[in-house]
Protein chains: 2
Amino acid sequence: MTHTITFLPSKKFATAARGTRISDVASQVRETGLYLECGGKGTCHKCLVELVEGDVEIKERKFTVAAGAKPLKVLSCQCVVSGDAVFSILSGTSVGPVSLALGKDIAAIAPELMPSPDDISPVVKTYRLRADQPSLERHSSDFQRLEVQVRKAAAADRPVRCGLPVLRILADAMRERSGLVTVRVLDDGACLTVVSVEPGDTPVRDIGIACDIGTTTVSVHCLDLASGKVLASKSDYNSQIRRGADIISRIDYAKTQKRLQEMRSLVLDTVNGLIDAVLDETNNSAGFVYNLAVAGNTTMVHLLLGLPPQNIRESPYMPVVNAPCIMTAEEVGLHANPRAAVTFAPGVGSYVGGDITSGLLTTPVVRDDKNVVLFMDIGTNGEIAIGNAEFLMAAACSAGPAFEGSGISCGMRAAAGAIESFEADAAMEHVRFGVIGGGKPKGICGSGLISLLGELYTQGIIDRGGKIAEAAPSSRITKIGGTKALVLVKSSEAHDGREIVLTEADINNLIRTKGAIYAACDLMLKNIGLTFDGISRVYIAGGFGRFIDVNKAVRIGLLPDIPRGKFTYLGNSSLTGATLALLSKTRREQLDALAKRITYIDLSSDNRYMDAYVAALFLPHTDMGRFPSVAKDRV
Amino acid sequence: MTHTITFLPSKKFATAARGTRISDVASQVRETGLYLECGGKGTCHKCLVELVEGDVEIKERKFTVAAGAKPLKVLSCQCVVSGDAVFSILSGTSVGPVSLALGKDIAAIAPELMPSPDDISPVVKTYRLRADQPSLERHSSDFQRLEVQVRKAAAADRPVRCGLPVLRILADAMRERSGLVTVRVLDDGACLTVVSVEPGDTPVRDIGIACDIGTTTVSVHCLDLASGKVLASKSDYNSQIRRGADIISRIDYAKTQKRLQEMRSLVLDTVNGLIDAVLDETNNSAGFVYNLAVAGNTTMVHLLLGLPPQNIRESPYMPVVNAPCIMTAEEVGLHANPRAAVTFAPGVGSYVGGDITSGLLTTPVVRDDKNVVLFMDIGTNGEIAIGNAEFLMAAACSAGPAFEGSGISCGMRAAAGAIESFEADAAMEHVRFGVIGGGKPKGICGSGLISLLGELYTQGIIDRGGKIAEAAPSSRITKIGGTKALVLVKSSEAHDGREIVLTEADINNLIRTKGAIYAACDLMLKNIGLTFDGISRVYIAGGFGRFIDVNKAVRIGLLPDIPRGKFTYLGNSSLTGATLALLSKTRREQLDALAKRITYIDLSSDNRYMDAYVAALFLPHTDMGRFPSVAKDRV
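Residues numbered from 1 in each chain as written. Chains lettered and ligands numbered in written order. Predicted model: local features only at pLDDT ≥ 70, side-chain atom pairs only at ≥ 80, totals over all residues. Heavy atoms only, no water.

Undergrad: Would you mind going over the pattern of salt bridges with me for this structure?
TA: Side-chain pairs of opposite charge can arise whenever the charged atoms involved come near each other. All names here are of chain A. In this structure the tally under the stated criterion is 46 salt bridges over all chains. Glutamate 198 is the salt-bridge partner of arginine 184, the closest N and O atoms lying 3.2 Å from each other. Taken together, the positions of arginine 184 in strand β9 (residues 180-187) and glutamate 198 in strand β10 (residues 192-199) put the pair 14 residues apart, joining distant regions of the chain. Overall, the relative accessible area of 3% leaves arginine 184 in the buried class. (Salt bridge = Lys/Arg side-chain N within 4 Å of Asp/Glu carboxyl O. Helix = DSSP H or I, 4+ residues; strand = E, 2+ residues; numbered from the N terminus. Buried < 20%, exposed > 50% of the residue type's maximum accessible area, 1.4 Å probe, protein only.)

Undergrad: Just checking my understanding: could you explain the relation of the copies chain B and chain A for this structure?
TA: Mapping between the two chain copies consists of a rotation about an axis together with a translation along that axis. With an RMSD of 0.2 Å, chain B superimposes on chain A once it is rotated by 180 degrees and translated 0.1 Å along the axis. Taken together, the turn and the small shift mark the pair as related by a two-fold rotation axis. Considering only C-alpha atoms, the part of chain B nearest the rotation axis is alanine 190 of chain B, at 2.9 Å. Looking at chain B, 100% of its interface residues are interface residues in chain A too, so the copies touch through the same face. (Least-squares fit on C-alpha atoms with pLDDT ≥ 70 in both. Contact = heavy atoms within 4.5 Å.)

Undergrad: Looking at this model, I keep getting lost on the interface of chain B and chain A. Mind explaining?
TA: Across the boundary between the two partners, chain B contributes 43 residues, which contact 43 residues of chain A. Broken down residue by residue, the surface that chain B buries against chain A is led by His139, Arg168 and Met318 of chain B, which jointly contribute 18%. The tally of links between chain B and chain A comes to two salt bridges. Close ionic contact of arginine 161 of chain B with aspartate 188 of chain A constitutes a salt bridge, the shortest N to O distance being 2.6 Å. Inspection of the chain B/chain A interface yields 14 residue pairs in polar contact (both at pLDDT 80 or more). Elements supplying a minimum of two residues to the side of chain B that touches chain A: α2 (142-154), β8 (160-162) and α3 (164-176) of chain B. (Buried area = accessible area lost by both parts, 1.4 Å probe. Polar contact = N/O pair within 3.5 Å; in protein donor to acceptor, adjacent residues only side chain to side chain.)

Undergrad: Help me understand the pairing of strand β26 (residues 537-541) of chain B, please; the structure alone is not making it clear to me.
TA: All names here are of chain B. The element β26 is largely enclosed, with a buried count of four among its five residues. Pairing of strand β17 (residues 373-378) with β26 involves five bridges; the strand directions are parallel. Each bridged residue has a counterpart across the sheet, and for valine 373 the counterpart in β26 is arginine 537. Bridge count between β26 and strand β27 (residues 567-571): four bridges; the pairing is parallel. Across the sheet, residue tyrosine 539 finds its bridge partner in β27, namely threonine 568. (Pairing = 2+ DSSP bridges.)

Undergrad: When you look at the sheet that holds strand β23 (residues 477-480) of chain A in this model, what are you seeing that I'm missing?
TA: The strands that make up a sheet pair up through hydrogen bonds in the backbone, lying either parallel or antiparallel. Residues and elements named next belong to chain A. Ordered by their spatial adjacency, three strands build an open sheet running β23-β24-β25, and the pairing between neighbours is antiparallel. One side of each edge strand has no neighbouring strand; the edge strands of this open sheet are β23 and β25 (500-503). Within the sheet, the average angular offset between the axes of one strand and its neighbour, ignoring direction, is 45 degrees. Where β23 lies against strand β24 (residues 483-489), four bridges are found, and the strand directions are antiparallel. (Axes fitted to C-alpha atoms, helices over the stretch in contact; angles between N-to-C directions.)

Undergrad: In this structure, what is going on with the packing of helix α13 (residues 573-583) of chain B against helix α14 (residues 585-597) of chain B? I would like to understand it.
TA: Relative orientation and spacing of two packed helices are given, respectively, by the angle between their axes and the distance between those axes. All names here are of chain B. At a minimum axis distance of 5 Å, the contact between α13 and α14 shows a crossing angle of 125 degrees. Taken as axis vectors, α13 and α14 run oblique relative to one another. In contact with Leu580, Ala581, Leu582 and Leu583 of α13, α14 contributes Lys585, Arg587, Arg588 and Leu591. Split into classes, the residues belonging to the contact of α13 with α14 amount to five nonpolar, no polar and three charged. (Parallel < 35°, antiparallel > 145°, perpendicular 65-115°, else oblique. Nonpolar A, V, L, I, M, F, W, Y, C, P; charged D, E, K, R; others polar.)

Undergrad: Would you take a moment to explain the packing of aromatic side chains for this structure?
TA: Working definition: an aromatic ring pair is given by the centre-to-centre distance plus the angle between the planes. Residue and element names in this part refer to chain A. Enumeration over the complete set of coordinates arrives at 10 aromatic pairs over all chains. Grouping aromatic residues by their ring pairs yields a cluster made of Tyr518, Phe532 and Phe627. One residue, arginine 259, lies across the ring of tyrosine 253, its end atom 4.0 Å from the ring centre. (Phe/Tyr/Trp six-rings, centres within 6.5 Å; stacked < 30°, edge-to-face > 60°. Lys NZ or Arg CZ within 6 Å of the ring centre and 35° of its normal.)

Undergrad: I keep staring at the packing of α2 of chain B against α3 of chain B and nothing clicks. Help me out?
TA: Residue and element names in this part refer to chain B. Two elements in contact, α2 and α3, have axes separated by 10 Å at closest approach and are oriented at 75 degrees. One finds that α2 runs roughly perpendicular with respect to α3. Here α2 contributes Asp142, Phe143, Arg145 and Leu146 to the contact with α3, which in turn contributes Leu167, Leu170, Ala171, Met174 and Arg175. Taken together, the residues that form the contact of α2 with α3 break down as six nonpolar, no polar and three charged.

Undergrad: What's the story with the environment of serine 141 of chain A in this structure? I'm lost.
TA: Tracing the sequence through the fold places serine 141 of chain A in the loop between β7 (124-130) and α2 (142-154). With 31 residues separating them in the primary sequence, serine 141 of chain A and aspartate 172 of chain A have C-alpha atoms 13 Å apart. Setting aside anything within four residues of it in sequence, one finds serine 141 of chain A in contact with Met318, Pro319, Val320, Val321 and Asn322 of chain B.

Undergrad: So what exactly am I meant to see when it comes to helix α10 (residues 446-458) of chain B here?
TA: Structurally, the α-helix is built with 3.6 residues per turn, so residues lying three or four positions apart point the same way. All names here are of chain B. With 13 residues, α10 extends 18 Å from end C-alpha to end C-alpha; this agrees with the ideal 18 Å at 1.5 Å per step. Burial analysis of α10 places 13 of its 13 residues in the buried class, which makes it a mostly covered element. Looking one or two residues beyond α10, the residue adopting positive phi is glycine 460, at roughly 75 degrees. (Expected span 1.5 Å × (residues − 1).)

Below you can see the structure in the form of structure tokens.
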């Protein structure tokens, strides 16, 4: 039995069977659906709607609102259709895809990492060949004439293959310009597959797409494969955000076939939207794209490919696949030539994915066998790797997305209006902050939160346990839902006149996140008998902002107290790594080798992890001896 | 501008644009279209229809028949739509697909050729595997757990691959029975591709299809791949016959994209009809079929795959492909599991195709490096191979389909009602003939024509030049369209009361065909400095009948005059070879090796061929010294 469900203010409606979740019905009529930050578990309350008239069922109990009666507030993810109903969507209930400032969080690729134009060798290469003329003396087929030249051009003695679409046009293509053809050949390491053939040697535009699929942000580079130049870059929020802010929520949401398909469509929409945008900007069409390289965490890759992600979050945390083989753009569903090759950065396990191996590809671990480096990717999750060209280990800590602004009352992503740096005196009389794009601030992004927490701690406004100190200026103290909070930006100075506030719960959340990351580094070093002093360099990757104030990150104990010159901020190293893998065969081989030699450490099964974590739940740490410069600095 | 074209007696009609060929319009309304034996060149006159009313355009001249006026006989392939029109289709104008007697022309496979059950190794093999249990200690993916076992089971160290459809069900399949799975793995020599995965080790039916696609006849075997047993066999006419009796007519017909697609559909209809029939007979479904092996001449394979065949018939006679790589049943369009692998017997050139290599696979040329054998495939075309395990050469002669009954006034295929053997005295008072299926005869099939010609020659009823002799019984002599002819079967003894007649033109046609074949053998032997006496064995393949009377074939000079014990009739050796390749890896390797070492001889470019051919245009030959036993026997 189906009922009509109408949503206000748009008055759009859909019919749905009894028992269908209201949030699922909303997805049918609203492009963006409702925001299910928690993945529909009923904990984030972001999908709150009002039942204006009609029936709804919540936990097997029916509720009815008569016409004109007082509306009933309900969580759309927790109630199901039980009759015709009209709901009002509250403003601010949903997040639409907000375009990120172009290139803002995409760091430029360091020139020394880039392959030289001579070294460029994507998996699908373009060759201009001249096949032997057909003659009565040489009894061979068109394909055989082509095969010889392809093998010669690719300098590889592998079987040459060719699908029906190419075979069907081969005879004409090879005769139009007396055997002169332009072919694109995929070398997958086992075979050479001719994916296209065109007569003549007309100039070909070879466009490559490198793509980082993050839980929060998706970024692409559009490259000219002749020169290796980045032609355009674009980022956007992963549309899946509205079905869960973090990986666990997404996995939980995607538990039915239909929802898995929905998640796949959502991320494809985002990726394809970005591909369309960069192609449009550079006056290219999808048909020119024969190479795509994707890096993403294991869950994102599963959702992109429509693979059930459930086992990722259930012990023993085993994904369907870590290193998907090369696929066609058509299979994956990406906007490119249907026969384009999509390569994936190989992952290592459920929580150390292709984004990490790809990021490591941009560090010296691929070649330096003496110095030991620490790689930290602080994104929606936190991943750590330690090693060099001799040994390499990686682990994930469920840090949570606090440094991406999620789960923090004033948190937001690194977009226009976000505070990205914060300074204040002890009395908070002079508060200074930097806002992305200028103007009045809307919230605080990851780098801003680190800066803020460091400053509040240094000025003694919060204590080592993260509580608001007795000495904190009373004019700035308020209460939010029974919790003590600090007013950071007064309503008069804030966007829309809404004051920006940090609660003790927020501080606690941030401390748990930084504690999880620090503890992971700490334990992994212990495992190999090193301390932070033995680390030659710390590479910081992640999308928490454009800049990270290393001093302040050390002050809160997120980063270790070592000489500041040892820190390098990589930006979106997953995208950089994907770009390198897209361009160069050597880099792809390094990437595969790297993924194979990583030892995956499961911290959750190590009892010592909890000890290290608890010890790190202070600012900067229980053991102040680890942070001598902080002890000295504090007011 | 479109017009309505109606066909009587069915009164079915179609609308067609001005300028559309009437024969193409007929294809739209009649399942079988009209019979274009000559491919629509206007020479065979088999598509004759009557314009009963309306307009038609022939060579830019318009003809009109008013209602009730005398109908106008026209060739439907030579006239085009120029207004509304009503045509009457003459009875006997078209050939419908006549089912061949089951298995009649499919020879049983000699037991010594069959691989033993232990040796059976199709390209897609079924394995029952037990993957390691997922555990916290082993950080690998489901695919990695499977990969290890697949490589072990296949005993091959190749990359293991897996498409998205399998990846999507992998997690569930591997957990349902604690890691016990049944997988099907394609080993293409470069990679191991997992094409299916099912939980548990439930008994699997593995059905294979071997298929010979001949110009005239298509035959399939349905095999149980567990035992290697042939479960069912079926043959049918290639539906393309109605668009041309021989290869050249088919190529000419398929000159537009649309017609190429039509030809592809026609042969797919035939092959799929046969696959459906054998699966139905054996209570199997297409889903069980993961292995198909196809052997066909180069043109048939081109038309099956929708590859333009034009260059096959234009100098320098270069096909698009000789050895298509493994394809999926879905790509090819065959009724089987969509992911089933279709292998093709490799061809050597435009006129020596996979049917010949496949046939040679059933002969000692794969292993015997001492004795030289002669292989003759007398089908719609004639192909010859000579050699052994050391050397091998092959050539084609445009023999024409006379021995398949085509182009002979009383000719028919080896189906019920066909005369397959013929005996008479010099006065033709006692005429005896064997009819396939018994009953009154309808015509004469290939083996019957050889028998007939041999008998007429031996009895002195025709002379060495193929003319009806002065001594021939006058009661049997008649005239057909100005040509002298012999009444072979009187109307009272024939099916439908239609007498069976052989004209001098028919005899000439048969002599040209046998002459072309003999001359080809003769010249090829000359090339290697051998004579017929140096041949240890002659293998005769082809679909011209169930039996070939070797004595009579020698009498007409089709076969050389060597000891009769040296001849072996192979039947449909192309199908047998396809079956062996389907079943055994060793056989596939032998087949590929064989195709690679064949030297393709182009007879048409050798001036001496015409001399040899002209010398063979006598019964049995100009040089009677070559046929001592015949000279002795003749009355």
